[in-house]
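Examining the three-dimensional arrangement
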Amino acid sequence: MAASIFTAVPCAPPVAVFKLTADFREDGDARKVNLGVGAYRTDEGQPWVLPVVKKVEQMIANDNSLNHEYLPILGLPAFRANASRIALGDDSPAIKENRVGSVQSLGGTGALRIGAEFLRRWYNGNNNTATPVYISVPSWENHNSVFVDAGFKDIRTYHYWDTTKRGLDLKGLLDDMEKAPEFSIFILHACAHNPTGTDPTPDQWKQIAAVMKRRFLFPFFDSAYQGFASGSLDKDAWAVRYFVSEGFELFLAQSFSKNFGLYNERVGNLTVVGKDADNVQRVLSQMEKIVRTTWSNPPSQGARIVATTLSSPQLFAEWYDNVKTMADRVLLMRSELRSRLESLGTPGTWNHITEQIGMFSFTGLNPKQVEYMIKEKHIYLLASGRINMSGLTTKNLDYVAKSIHEAVTKIQ
Amino acid sequence: SSWWSHVEMGPPDPILGVTEAFKRDTNSKKMNLGVGAYRDDNGKPYVLNCVRKAEAMMASKKMDKEYLPIAGLADFTRASAELALGENSEAFKSGRYVTVQGISGTGSLRIGANFLQRFFKSSRDVYLPKPSWGNHTPIFRDAGLQLQAYRYYDPKTCSLDFSGAMDDISKIPEKSIILLHACAHNPTGVDPRQEQWKELAAVVKKRNLLVYFDMAYQGFASGDINRDAWAVRYFIEQGINVLLSQSYAKNMGLYGERAGAFTVICSDAEEAKRVESQLKILIRPMYSNPPLNGARIASIILNTPDLRKEWLVEVKGMADRIISMRTQLVSNLKKEGSSHNWQHITDQIGMFCFTGLKPEQVERLTKEFSIYMTKDGRISVAGVTSGNVGYLAHAIHQVTK
């Protein structure tokens, strides 16, 4: 057979977080714990389909008037409106002034990608391949790939995590913003920063906004955990809403994977806040062109579930309750892990475990200690030391705490 | 001032424009022949029974909502490959292929386009038939490739310009990319005969072209899934390692669920693994992993013998209704007294028909009879019913006599 055109295609390395889960699955040790991939788990260590989701899916299944016809290119109208409303607030001036647009997308990733593709084409004149895009260090590792594949050539980092004090490096962050070229794009985590779990305080957000306004920096928010972080939708949306109230035009990539537990239905939304309705209309018309060549129109099932839930006061209340259940369990695991480590006298300080927020915690374990955890203790976490708090259960808390204690005391 | 002041209004979608105008029309006899979705004989969307049954099975299983792998649902991708290639295919049995789940046909095409842009260094040129589906051009362009064309449709005969196609294809620079519609060419409905496919395969092999098949209508075209996949399978048997995009939007009526697949036929299983690893690297920054619902429905249907049988009957039913409407349209035109040759209406296959009507005639159809179609004279036969085919024939006769 003739040499193949693909002979030279190299084998790509597997995505770390998925490889971790694959290794976990193959591990035969009974004590094994998966603190890797970011999906919620119950106290029994099981995935959790939200009761309100089960209910609404049944409603959808029983509704014979529904079919599988194409959604519009920008998605299900009821989903789009409700999704943006959840983020910006019922009384959002931007919504009242009709200057909010929405693009239903495939998960948060899809929303980021559509937003990135649009910015590369249309932000600040045309052709923005050279416009700097700033991503926090660390950040979700896929942020970089999204913007690279969207065509941006100048991806930079901004300071975020202070390793020594295990908290936000606000000075470094603001410094980077002062030095960034005007009109640079900044990817901001709306809440529950992934992977550090460390968010700016409202006061710190105000400082960030002030610099960004003065230097004409574009805010692209990534909101994957609204409600899931604190248990309060409003609290978790505070930063985004503050920026809107300060008059910013911004993009917001929303995911409903975690707060609705709809991971595999790929439910996301890109919210666009503009200066006025006319600008937003033109932006949406160009978003349609981008969507049309990426996936034509988005999948219907997940959007129907979310739209149905958010537009019914009764179902919305049930959903809110389900979200709080998840957030509360995570908060409980945080306090339980911290208290165990402190009781064990594990070297170092552990208040960051409860001060951090959301699904993840940056434990502070170094790569060698992480390797020890995986190889010797069969506890799976990312090399960065990030753990998924909902991988903890009342049954495995003791084992995990003791293992961390061992790792920290035995390995330097 | 806004960041977006300079953003131009995107041009309106021609097909959506047709539907918008249709919706506004108050004429009770109005017909929407722009719609690219199947309608039953009452003009209604049709949810297949096998789909309903698969959904009931899913509801009873109480599955979780965990992320799919990046490459999608394995049962689905394997069944998709088998459906396209045939269970006896050497390529399928040897495992020298990779199939990843894509977002219906568009998403699958785009994955392939992105993959070619990144790894196919021999050429930036994709050759499309003239005409082709309107979205092919922007998909490949957005992926960073360039578009060229080869002759395909002969407007004088409303059929295949085979000699023109062979002539053009024989001159395509070696190692360029050529896109072929596997069956039910969109928008013309004009497909090569098997003898013609054989000649196409020979010239494509001679020119050492990279073949990319778009198969959006397997089963939906002739009613026979094997017959509709014949060209794809023949090419592979001839040693042509094709790329293939599949859609389940039409043949399973799963439009809004976005079920599709992208396949690369490789030299061997090892190469397939390398290609798969790179496809995952492309997919992750697009949408991370694909949506479950449509793929699960399709997988249950394909992998459950009873449901698969039922599906084959239903997809044949849809194809047969379309074929019957074509036949009725032609016989009604004859009854109206039309002297034109309308044979192309029954010669063409699939959802669409290039009527041969000119823009002025199309405009008259819309203005005088409230019959809506695209300016190129394309009709969606799926929008024709036994209740309105007489009216349609009458109207066409009026504007062409």
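For clarity, every value in this text was computed on a predicted model and none was experimentally measured.

Here we look at the domain arrangement of chain A
All names here are of chain A. We note that the domain assignment places domain 1 (16-48 + 327-410) and domain 2 (77-311) within chain A. On the side of domain 2, 18 residues touch domain 1, which itself brings 18 residues to the contact. Roughly 1500 Å² is buried in total at the junction of domain 1 and domain 2, and carbon and sulfur atoms are behind 64% of that figure. Counting across the interface, domain 1 meets domain 2 through zero salt bridges. Sorting the residues of the side of domain 1 that touches domain 2 by element identifies α13 (313-344) and β11 (360-362) as the ones contributing at least two each. Top contributing element to the side of domain 1 that touches domain 2 by residue count: β11, with three residues. A breakdown of the residues in the side of domain 1 that touches domain 2 according to their chemical character gives nine nonpolar, eight polar and one charged.

Observations regarding the pattern of salt bridges
In the structure shown here, the tally under the stated rule is 42 salt bridges over all chains. Note that Lys 65 of chain B is salt-bridged to Glu 265 of chain A, the shortest N-O span being 3.1 Å. Residue Lys 65 of chain B is found in the loop between α2 (49-61) and α3 (74-85), and its partner Glu 265 of chain A is found in the loop between β9 (250-255) and β10 (267-273); the two belong to separate chains. Put simply, Asp 328 of chain A and Lys 324 of chain A hold a salt bridge, and the shortest N to O gap is 3.0 Å. Of this pair, Asp 328 of chain A and Lys 324 of chain A both sit in helix α13, separated by four residues, roughly a single helical turn. Taking the relative accessible area as the measure of exposure, Asp 328 of chain A reaches 34% and is therefore partly exposed. Classification of Lys 324 of chain A as partly exposed rests on a relative accessible area of 39%.

Comments concerning the pairing of strand β9 (residues 243-247) of chain B
Regular strands place their side chains on alternate faces of the sheet. Residues and elements named next belong to chain B. Counted residue by residue, β9 has five buried out of five residues, so it is predominantly covered. By the alternation rule, side chains of β9 split into Leu 243, Ser 245 and Ser 247 and Leu 244 and Gln 246, which are all buried. Pairing between β9 and strand β10 (residues 259-265): five bridges, direction antiparallel. Across the sheet, residue Gln 246 finds its bridge partner in β10, namely Ala 261.

Looking at the domain arrangement of chain B
Residues and elements named next belong to chain B. Along its sequence, chain B is organised into domain 1 (14-46 + 320-399) and domain 2 (67-303). Domain 1 and domain 2 are separated by 29 Å when their C-alpha centres are compared. Domain 1 puts 16 residues into the contact, and the matching count from domain 2 is 17 residues. Around 1300 Å² of area is buried between domain 1 and domain 2 when both sides are counted, 66% of it from carbon and sulfur atoms. Contact with domain 2 buries area across many residues of domain 1, yet Ile 349, Phe 352 and Phe 354 alone supply 41% of it, more than any other trio. Counting across the domain 1 and domain 2 interface gives zero salt bridges. For the pair domain 1 and domain 2, the interface holds four residue pairs in polar contact (both at pLDDT 80 or more).

Conventions we followed
Residues numbered from 1 in each chain as written. Chains lettered and ligands numbered in written order. Predicted model: local features only at pLDDT ≥ 70, side-chain atom pairs only at ≥ 80, totals over all residues. Heavy atoms only, no water. Domains from an automatic or database assignment. Contact = heavy atoms within 4.5 Å. Buried area = accessible area lost by both parts, 1.4 Å probe. Salt bridge = Lys/Arg side-chain N within 4 Å of Asp/Glu carboxyl O. Helix = DSSP H or I, 4+ residues; strand = E, 2+ residues; numbered from the N terminus. Nonpolar A, V, L, I, M, F, W, Y, C, P; charged D, E, K, R; others polar. Buried < 20%, exposed > 50% of the residue type's maximum accessible area, 1.4 Å probe, protein only. Pairing = 2+ DSSP bridges. Polar contact = N/O pair within 3.5 Å; in protein donor to acceptor, adjacent residues only side chain to side chain.

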